[in-house]
Amino acid sequence: MTARDWVKRIDHWVFDLDNTLYPAASGLFAQIDVRMTAYVQRYLQIEIAEARDLQKRYYEEFGATLAGMMTRHGMEPHDFLENVHDVDYTPVKLDAPLAALIAGLPGKKLVFTNGPRQHARRVLDRLGIAQCFEGVFAIEDGQFAPKPSVLAFERLQARFGFVPGQALFFDDLANNIAAGKAFGMRTALVRSGKSPHGHPAEADLVIDGLHASLAEIGRAVRL
Ligand SMILES: [Mg+2]
């Protein structure tokens, strides 16, 4: 990663939550993913393999299993969200260095997640970084429009009023990064297990370790 001059103009720092602010290796999101498949299976009374396929298809088509289930099956979101996030949060550990790095960035820090508010609160509390953020924009705040839909970005911007070119968006998924870029934001792909190899054109930065990269960005901003 090379921090460039444009980082000095960034005044909004927009972070995805799952597998971005905590490592995919924690297995937290994997637990949620398994519960989503089970929920889809029960809700539609289908086989597990079929539920898995449907989940993948909805993820690709709508950006999230939830959006697909709501659109195609008229599912009510609240029970789904509560159920699939009923997981063990202990793999997410206190991260004091991350809190210091985020707090050190100038401007507003936001969380932009396809997960629900309660999940975001639990994760941020466990990491010990909740106090670093001016706002958390969860799936309820976007009226259940998930990233990478442009509606999600529009609703985020309507809430916080940033200039897209002065906002840096961190996410571990290439399709979300592409959507952020199309919306006019600066983008940082945070590598996780699901990230593509190489450097996608939509990513201004490709980040291997969040801590080292935020430290480098912090130094570039203060130069
Ligand atoms: Mg993510």
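Conventions we followed
Residues numbered from 1 in each chain as written. Predicted model: local features only at pLDDT ≥ 70, side-chain atom pairs only at ≥ 80, totals over all residues. Helix = DSSP H or I, 4+ residues; strand = E, 2+ residues; numbered from the N terminus. Rg over C-alpha atoms; globule rule 2.2 N^0.38 Å. Buried ≥ 20, exposed ≤ 12 C-beta atoms within 10 Å, placed from the backbone. Contact = placed C-beta atoms within 7 Å. Expected span 1.5 Å × (residues − 1). Arc of directions from axis to C-beta. Domains from an automatic or database assignment. Nonpolar A, V, L, I, M, F, W, Y, C, P; charged D, E, K, R; others polar. Pairing = 2+ DSSP bridges. Axes fitted to C-alpha atoms, helices over the stretch in contact; angles between N-to-C directions.

1. Thoughts on the overall build of the chain
Then comes step 1: Across its full length, the chain carries nine helices and six strands.
Then comes step 2: Radius of gyration (C-alpha) of the chain: 17 Å, near the 17 Å computed for a compact globule of 223 residues.
Then comes step 3: Counting only C-alpha atoms, the chain reaches 60 × 35 × 35 Å along its principal axes.
Then comes step 4: For the chain, with 223 residues in total, the buried portion stands at 39%.
Then comes step 5: In the chain, 61% of the contacts between residues at least 6 apart in sequence involve partners at least 24 apart.

2. A few points about the environment of Leu156
Then comes step 1: Take Leu156: it is sitting in helix α7 (residues 150–160).
Then comes step 2: Other than its neighbours up to four places away in sequence, Leu156 contacts Phe112, Phe137 and Gly142.

3. Describing helix α2 (residues 48–62)
Then comes step 1: Along its 15 residues, α2 runs 20 Å from first to last C-alpha, staying within 8% of the 21 Å computed at 1.5 Å per residue.
Then comes step 2: Looking at α2, one finds that the buried residues are Ala51, Leu54, Gln55 and Tyr58. The arc enclosing the buried residues of α2, seen along the axis, measures out at 105 degrees, which places them on a common side. Away from its buried face by more than 90 degrees, α2 exposes Ala49 and Glu60.
Then comes step 3: The elements touched by buried residues of α2 are α1 (28–44) and α3 (65–73).
Then comes step 4: Positive phi appears at Gly63, one or two residues downstream of α2, with a value of about 90 degrees.

4. Thoughts on the domain arrangement of the chain
Then comes step 1: Parsing the chain into structural domains produces domain 1 (5–22 + 92–222) and domain 2 (28–84).
Then comes step 2: Computed over C-alpha atoms, the centres of domain 1 and domain 2 are 24 Å apart.
Then comes step 3: Domain 1 puts 12 residues into the contact, and the matching count from domain 2 is 10 residues.
Then comes step 4: Looking at the side of domain 1 that touches domain 2 residue by residue, the class counts come to seven nonpolar, three polar and two charged.

5. Observations regarding the sheet that holds strand β2 (residues 108–112)
Then comes step 1: Across the sheet, which stays open at both edges, the six strands sit in the order β3-β2-β1-β4-β5-β6 with parallel pairing between neighbours. Looking at the sheet topology across the chains shown, the edges are occupied by β3 (135–137) and β6 (205–207). Pairwise comparison of adjacent strand axes, ignoring direction, gives a mean angle of 20 degrees for this sheet.
Then comes step 2: Bridge count for β2 against β3 is three bridges, and the pairing is parallel. Across the sheet, residue Phe112 finds its bridge partner in β3, namely Phe137.
Then comes step 3: The sheet contacts of α7 involve β1 (12–15), β2 and β3, and relative to β3 the element is tilted by about 155 degrees.

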